[in-house]
Amino acid sequence: MEDNTKTWGIRGISADVRQAVITQSQKQGMKAGEWLTVAILEKIRQDRNAGKALVATSGKPAVSAEDASAVLALLERLQSMGIEPPDRMKKKVLIIIGKCLMKQM
């Protein structure tokens, strides 16, 4: 059985941190050096990706207030010409306006 109090050293690393590394590495069935390598590489990867904006999209473009205004103007023009817009189009306009309002909250 290994002695959990084995020492290894890097200047500036306290004994409690060394012990935490040993404990964590044993939980994962690794040697302390292997575990540290994985932990350091993961931290580097996270730091590199920290500045990259990750945005989940549905593949549909974002809706702007200008878009909503343009669609609403189109509906008004249709109605002023005596053309009743289809219900489906009216529903879409309400959805677009709702999305714009939600973005502003």
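For the structure, check the block above.
Computed from a predicted model, the values in this text were never measured in an experiment. (Residues numbered from 1 in each chain as written. Predicted model: local features only at pLDDT ≥ 70, side-chain atom pairs only at ≥ 80, totals over all residues. Heavy atoms only, no water.)

1. Here's the deal with the overall build of the chain
Just so we agree on the cut-off: By definition, any uninterrupted DSSP run of H or I lasting at least four residues is a helix, any uninterrupted run of E lasting at least two residues is a strand, and each is numbered from the N terminus. Throughout, a residue-residue contact means that at least one pair of heavy atoms, one from each residue, lies within 4.5 Å. Here the accessible surface of atoms and residues is derived via Shrake-Rupley with a 1.4 Å probe, and residues count as covered only by protein chains that are part of the display.
Helices and strands together make up the secondary structure of the chain, namely four helices and zero strands. Reading the chain from its N end, one meets helices and strands in the order α-α-α-α. Put simply, 32% of the contacts in the chain that link residues at least 6 apart link residues at least 24 apart. Just so you have it, the chain exposes about 9,000 Å², and 60% of that area is on carbon and sulfur atoms.

2. Details of a nonpolar patch on the surface
Let me state the cut-off plainly: Each patch is built from salt-bridge-free residues with over 30% relative accessible area, joining like charges within 9 Å and nonpolar side chains (Val, Leu, Ile, Met, Phe, Trp, Tyr) within 5 Å. A pairing counts as a salt bridge when a side-chain nitrogen of Lys or Arg comes within 4 Å of a carboxyl oxygen of Asp or Glu. Only protein chains enter the accessibility calculation, which uses a 1.4 Å probe; a residue is then buried when its area is under 20% of its type maximum, exposed when over 50%, and partly exposed in between.
Together, Ile40, Leu41 and Ile44 line one region of the surface with nonpolar side chains, adding up to about 270 Å² of accessible area. With respect to the helices and strands, the residue Leu41 is situated in helix H2 (residues 32–50). What makes Leu41 exposed here is its relative accessible area of 54%.

3. Overview of the side chain of Ser25
For Ser25, the position within the fold is in helix H1 (residues 15–27). For Ser25, a relative accessible area of 2% corresponds to the buried category.

4. A word on H1
To be explicit about the condition: Take the number of residues in a helix, subtract one, and multiply by 1.5 Å to get its expected span. The arc in question is formed by the directions pointing from the helix axis toward the C-beta atoms.
With 13 residues, H1 ought to run about 18 Å at 1.5 Å a step, and its terminal C-alpha atoms sit 18 Å apart, in line with that. Burial in H1 covers these residues: Arg18, Val21, Ile22 and Ser25. Down the axis of H1, the buried side of the element spans an arc of 95°, and every buried residue falls inside it. Exposed side chains of H1 directed beyond 90 degrees from the buried face belong to Asp16 and Lys27. With its phi angle positive at about 70°, Gly29 sits one or two positions after the end of H1.

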